[in-house]
Amino acid sequence: MKATNTMTLTFDSLPVNEGFARSAVAGFFAQLDPTVEELCDIRTAVSEAVTNSIVHGYRYSQGKVRLTARIYDGRKIQIIVRDTGCGIENIEQAMEPLYTTDPEGERSGLGFSVMQSFMDTVRVTSAPGKGTTVTMQRVLSSLADEETQQE
Ligand SMILES: Nc1ncnc2c1ncn2[C@@H]1O[C@H](COP(=O)(O)OP(=O)(O)OP(=O)(O)O)[C@@H](O)[C@H]1O
Ligand SMILES: [Mg+2]
């Protein structure tokens, strides 16, 4: 299916850019008039994916994070967060709730679970030493649905 609108951003792997990425995505999807809850879910999922690239992907290095957001017909949205950091050895294990490689114990290992609960699908591809790509999709409620709910 062909996207009807697309945006791509590339930024440095600095923690300060996590908030920027979240706001940029929310701004882009505002054209779809999402509900407050949908926008909040999207912001949170993006925040988790971008934070992972910054703190895990580039744990031992610095690099670029690439964020792509797409809108398809039928109110389907897609968000892709990509880094060229250290990659993930075992994706299945990494996506298990509470699994974390954070040695200081500051993280809870729930980032992927949060992404999965807020988006319809979350797909992760990764290659050790090459980087990680997280692709998330969700179908937003239709405007007609909302109007019916308000009646
Ligand atoms: N982009 C990435 N690059 C390399 N490793 C990653 C990446 N994203 C996730 N991981 C690995 O997957 C694990 C699980 O990620 P997840 O987001 O679920 O938990 P966390 O980041 O450890 O903790 P939390 O998100 O709750 O703060 C991470 O601890 C890390 O080992
Ligand atoms: Mg995380």
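The following paragraphs examine the structure supplied in this document. (Residues numbered from 1 in each chain as written. Chains lettered and ligands numbered in written order. Predicted model: local features only at pLDDT ≥ 70, side-chain atom pairs only at ≥ 80, totals over all residues. Heavy atoms only, no water.)

A word on the packing of aromatic side chains
Under the definition given, this model contains two aromatic pairs. A ring pair is formed by Phe11 and Phe20, whose centres lie 6.1 Å apart and whose planes are at 90 degrees; its orientation type is edge-to-face. Overall, the relative accessible area of 6% leaves Phe11 in the buried class. The ring of Tyr72 has Lys76 sitting right over it, with the charged end atom 5.3 Å from the ring centre. (Phe/Tyr/Trp six-rings, centres within 6.5 Å; stacked < 30°, edge-to-face > 60°. Buried < 20%, exposed > 50% of the residue type's maximum accessible area, 1.4 Å probe, protein only. Lys NZ or Arg CZ within 6 Å of the ring centre and 35° of its normal.)

Structural notes on helix 4 (residues 111-118)
Along helix 4, the positions that sit buried rather than exposed are Gly111, Phe112 and Met115. Projected down its long axis, helix 4 carries its buried residues within an arc of 95 degrees, all on one side. Next to the buried residues of helix 4 lie helix 2 (36-57), helix 3 (91-94), strand 4 (121-127) and strand 5 (131-139). (Helix = DSSP H or I, 4+ residues; strand = E, 2+ residues; numbered from the N terminus. Arc of directions from axis to C-beta. Contact = heavy atoms within 4.5 Å.)

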